[in-house]
Amino acid sequence: MSSLEEICGGLPLHPLLENRGRKKGVPHAPVRTPNLTAQEEKLALQNALRYFPPEVHKELALEFAEELKLYGHIYMYRFCPAIEMRAYPIEEYPCKTKSAAAIMHMIMNNLDPSVAQFPQELVTYGGNGQVFSNWAQFWLVMHYLSEMTEEQTLVMYSGHPLGLFPSPRYAPRLIITNGMVIPNYSSRDEYEKMFAMGVTMYGQMTAGSYCYIGPQGIVHGTVLTVLNAGRRYLGVEDLAGRVFVTSGLGGMSGAQAKAAVIAGCVGIIAEVDEAALLKRYKQGWLMEITDSLDHCIARLRDARENKITLSLGYHGNVVDLWERFVYELDTTGEQLVDLGSDQTSCHNPFSGGYYPVQLSFEEANQLMSTNPGRFRTLVQESLRRQVAAINRLSDKGMFFWDYGNAFLLEAQRAGADVEKRGANKIEFRYPSYVQHIMGDIFSLGFGPFRWVCTSGDPQDLATTDLIATSVLEEAIHQGVSASVKQQYHDNIHWIREAGKHSLVVGSQARILYSDQKGRVSIAVAINRAIAEKRIKAPVVLSRDHHDVSGTDSPYRETSNIYDGSAFCADMAVQNFVGDAVRGATWVALHNGGGVGWGEVINGGFGLVLDGSAEAEEQAKIMLSWDVSNGVARRCWSGNSNAYETICQAMEETGKLKVTLPHKVVDESILEQALHR
């Protein structure tokens, strides 16, 4: 068993670690099929060996070549450390700065087997969301962080630690870029080649920025989505007895079962991977499991009739589940489903993100590597079948939405009937959850703010929960708009319920959908509690990249931007730079995430609160920018909620001056001018 001191000592070369290969009994990433040429294979091997001195090249070359042949990538399994991978209390890390120790805490949480989807392949979530590209990078990063001072910055190129560079104390300690490929070459096929050669990496969102907090990271947003879907589509506040059907119990999608319970409905979630299903069941995120469609239908009917809150995991393909609901409709006339969505990893449909209904899980994994063309054909056929069943149920009153996982985009590419007649190219037959549900929340400045207590002490997390509740109650008392007040009440309810639902998986973390005022006030209050020793150790502030300002994604985060700029990425890039110059401890900018490689640019940050006056000032200015940037962009695109929100922010912040749009009141003048 390695120690933290050994982990921080640099690559273990004298002697080399024993090559124990891939662990049995743990989930592994699907085999990749990069289709490298002979020259590219040689380059991949050469690129991997450059981390090591020449005297070990001969020994390592053989096993690295074997990994490339068997798995389509060189993960360097020999160097997977024997340490228990988890977020250790911050004071246990051998570092010169608290900032570096906090980053280590976050990295090891992302690789914790209870958190990570494929821990030995360094995948945190989403099927291919990498923390690093290989294990040599992990060892080097931990060593660099242990040596870092407050006058150095660690620079990361797609998993590769370029090195420590001199920088002023107010600069970020860590700058990360993942997948920054020249746009004309940012295709899925090119990515597979470049990843296999070790020169780029898909960091998803919070995987490659070291800010993932387990499925809790999405559960609050999923709860809000389900509740607001009930309000918008069903016209109800109470979802008791209402049925929500979806798929996916992996990383982010694992939140769906818990969200269904918190929302009070009947959730049926399909998952093809038994290991993922059992993991969520054992963690308490799933109430019941079954591999029988008959049992699914019987249990659903009982829960529906008796208004029993339920999360039921179906071990099987979601297409079979949807088609069974169609069968029930056709034979009994009964529509059993009220709400539907999908959270398979459709951003990565041909490499393990979506499993075709025609094959078993094992058969699919085999065909994926032995005959990728045939596998692709079956995936697209399966998508067409899934959409056909969804359309049939939708025609009879079920309400379906796209969860921003590229499901409708890939279904369209497969030839499924998802077209919305007369719409623009980012609209489909069914709306994305941003277009109909979460977009208005983003435009008010609310998004997935989060914090991590690096002491690892649950009591510190409980203290932060009380602080956040008190801050929001005081804000309501001082007076806020009706729309903001409703969100604050939802937030207070969320925090009070959070402790009852065992949401923590991995680090002691909390997520809270909050606006600019709420984020700043909570950060200041937490920082002062650290200074007063009511919280034992520094707290890391962060957010999902899926936020007000962090992501430009025309099929998700910016799908409700209708001025033609939905495909422009200025907002996310400006946010990354703006956070860096305003005091963030680390910043990250990624290609891909959510809807897939080449479809999105997104960024995130980490900010360490240590109780100092400097940390308080950094939190105030950086968090304000981090929200206002996106609200201003949404305002300029014509969103009325964003217009009101940014105007209010300008009233409260004298130095904030935003260009406001003038609406064309009489649209007939446009036609007259264009057709004279």
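In case you missed it, the structure is sitting above this.
Within each chain, residues carry numbers counting from 1 in the order of the written sequence. Residues qualify for local features only when their pLDDT is at least 70, as the model is predicted, and side-chain atom pairs are given and counted only at 80 or more; totals for whole chains, interfaces and linings, by contrast, use all residues. Values reported for side chains reflect all heavy atoms of the structure, with hydrogen atoms and water molecules removed beforehand.

(A) Seen up close, the environment of Thr149. Strands here are runs of E lasting at least two residues and helices are runs of H or I lasting at least four, both read from the DSSP assignment and numbered beginning at the N terminus. Tracing the sequence through the fold places Thr149 in the loop between helix 5 (135-147) and strand 3 (152-157). It is 8.4 Å that separates the C-alpha atoms of Thr149 and Ala100, two residues lying 49 residues apart in sequence.

(B) Spotlight on the pattern of salt bridges. Just to be clear on terms, a salt bridge is a Lys or Arg side-chain nitrogen sitting within 4 Å of an Asp or Glu carboxyl oxygen. All chains considered together, the criterion is met by 41 salt bridges. Two residues, Arg86 and Glu84, come together in a salt bridge whose shortest N-O distance is 3.5 Å. A 1.4 Å probe rolled over the protein chains alone gives each residue an accessible area, and that area as a share of the maximum for its type sets the label: buried under 20%, exposed over 50%, partly exposed in between. Glu84 gets classed as partly exposed once you look at its relative accessible area, which sits at 45%. Here Asp579 ties to Arg543 by a salt bridge, and the two come within 3.9 Å at their closest N and O atoms. Pair noted here: Asp579 is in helix 20 (residues 570-581) and Arg543 is in strand 14 (residues 539-543), with a separation of 36 residues, a long-range link. Among the charged side chains, a salt-bridge network with shared partners connects Asp294, Arg301, Arg304, Arg324, Glu328 and Glu334.

(C) Molecular detail of the sheet that holds strand 10 (residues 339-340). Strands qualify as paired when DSSP identifies two bridges or more between them. Ordered by their spatial adjacency, six strands build an open sheet running 8-9-7-6-10-11, and the pairing between neighbours is parallel. The sheet terminates laterally at strand 8 (288-290) and strand 11 (399-400), the two strands that pair on one side only. Relative to strand 9 (residues 310-315), strand 7 (residues 266-271) is paired through six bridges, and the arrangement is parallel. The residue bridging Gly267 from the neighbouring strand is Ser311, located in strand 9.

(D) Fine view of the nonpolar core. For our purposes a nonpolar core is just a set of buried Ala, Val, Leu, Ile, Met, Phe, Trp, Tyr and Cys residues, chained together by side-chain atoms within 4.5 Å. By size, the foremost hydrophobic cluster in this structure holds 149 residues, and its most contacted members are Phe52, Phe64, Phe79, Ile107, Phe138, Tyr210 and Trp451. Here, two residues are considered to be in contact whenever any of their heavy atoms come within 4.5 Å of each other. Among residues more than four places away in sequence, those in contact with Phe64 are Leu45, Ala48, Leu49, Phe52, Ile74, Met76 and Phe79. Judged by nonpolar contacts, the second largest core, of 56 residues, contains Val243, Leu336, Val357 and Ala364.

(E) Structural context of the environment of Ile390. As for its position among the elements, Ile390 is in helix 14 (residues 372-395). A sequence separation of 64 residues divides Ile390 from Val326, and the C-alpha atoms of the two residues are 8.4 Å apart. Not counting residues up to four positions away in its chain, the partners in contact with Ile390 are Trp322, Met398, Phe400, Phe407 and Tyr430.

Remember, this is a structural readout, not a statement about activity or role.
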